[in-house]
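Observations on chain architecture
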Amino acid sequence: DDKVVEITCVFEDLPATLTIDDRSPTTLEREWLLNSQGQLEIQKRFDCKSKTIKEQVFARVVASSDARLVDLLKLKNQALKMLARAVDVDMSTVDERSNAELRFAIRAAIGNVDMAEQLVPLNEEDGKKAWDRIELEMPTFALFQADRPSKDDDPEVADPR
């Protein structure tokens, strides 16, 4: 009755750096996008209740449950600056144009309190930017229907060159 399909994949071979925002290279670890084993864990949910299938993308991460940090990836630059000032970040040491630097400074100012595993949505607001950049690093697979059945003794199966 639920008609929701969930697929979760875990990746270990991670890029050394990633540019989520146009200005600043960062890392998945610095952005708190890794699970408790230090891996990138992506969960996709497909809601199949209606004719049009709706897809949601999440990352299972270890992050602070502090309410000020929960939706940090979703915030745009202006909101990040306001939050940074509210938590007393020394703005003289931060490039205010860089969302990655602002997020890092905010996390550092608040600290690693109440760290827990949680699902972070990656298909809303600026979280979508993160997913778009991460998706470029993902392996690509394609499923297709063959135009004819293949048998073990077919030449292309025996010698695919």
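Above this note sits the structure.
Here is a short report on the structure shown in this document. Fair warning: this is a prediction, and the values are worked out from it, not measured in the lab.

What follows covers the nonpolar core. Ranked by size, the top nonpolar core spans 32 residues in total, and within it Leu 33, Val 89, Ile 106, Leu 122 and Ile 134 carry the most contacts. Apart from the residues lying within four places of it in its own chain, the contact partners of Ile 134 are Leu 18, Leu 28, Leu 33 and Leu 40.

A few words on the sheet that holds strand β6 (residues 115–121). Read across the open sheet, the 4 strands follow the order β1-β4-β5-β6; overall the sheet is antiparallel. Both edges of this open sheet fall to β1 (4–11) and β6, since each of them pairs with a single strand only. Sheet twist, expressed as the average angle between the axes of neighbouring strands with direction ignored, equals 25°. Of the strands in this sheet, β4 (40–47), β5 (54–64) and β6 touch helix α3 (residues 127–135), which is tilted by about 110° from β4.

This part takes up α3. For α3, every residue scored as buried is listed here: Gly 127, Ala 130, Trp 131 and Ile 134. Mapping the buried residues of α3 onto a view down its axis gives an arc of 95°, with all of them on the same face. Elements in contact with the buried residues of α3: β2 (18–19), β4, β5 and β6.

A few words now on unusual backbone geometry. The phi angle of most residues is negative, glycine excepted, and most peptide bonds adopt the trans form. Of note, the phi angle at Lys 3 is positive, near 55°, even though the residue is not glycine. For Lys 3, the location among the structural elements is in the segment before β1.

With that settled, the discussion passes to helix α1 (residues 77–86). When we look at burial in α1, the residues that qualify are Leu 80, Lys 81, Leu 83 and Ala 84. The arc that holds every buried residue of α1, seen down its axis, measures 165°, which confines them to one face. The exposed set on the far side of α1, more than 90 degrees from its buried face, consists of Gln 78, Met 82 and Ala 86. Of the surrounding elements, those touching the buried residues of α1 are α2 (99–110). Remark: Asp 88 follows α1 within two positions and exhibits a positive phi of approximately 60°.

Time to look at the packing of α1 against α2. At their nearest, the axes of α1 and α2 sit 10 Å apart, and the two run at 25° to each other. When the axis of α1 is compared with that of α2, the two are roughly parallel. For the pair α1 and α2, the sense of crossing is left-handed. On α2, the residues touching Asn 77, Leu 80, Lys 81, Leu 83 and Ala 84 of α1 are Asn 99, Leu 102, Arg 103 and Ile 106.

Okay, the packing of aromatic side chains next. Under the criterion given, the structure shown has 0 aromatic pairs. For the cation-ring pair, Arg 107 lies above Trp 32, with the distance from its terminal atom to the ring centre recorded as 5.1 Å.

Calculation rules
Residues numbered from 1 in each chain as written. Predicted model: local features only at pLDDT ≥ 70, side-chain atom pairs only at ≥ 80, totals over all residues. Heavy atoms only, no water. Core = buried A, V, L, I, M, F, W, Y, C linked by side-chain atoms within 4.5 Å. Buried < 20%, exposed > 50% of the residue type's maximum accessible area, 1.4 Å probe, protein only. Contact = heavy atoms within 4.5 Å. Pairing = 2+ DSSP bridges. Helix = DSSP H or I, 4+ residues; strand = E, 2+ residues; numbered from the N terminus. Axes fitted to C-alpha atoms, helices over the stretch in contact; angles between N-to-C directions. Arc of directions from axis to C-beta. Parallel < 35°, antiparallel > 145°, perpendicular 65-115°, else oblique. Left-handed = near helix turned anticlockwise from the far one by under 90°. Phe/Tyr/Trp six-rings, centres within 6.5 Å; stacked < 30°, edge-to-face > 60°. Lys NZ or Arg CZ within 6 Å of the ring centre and 35° of its normal.

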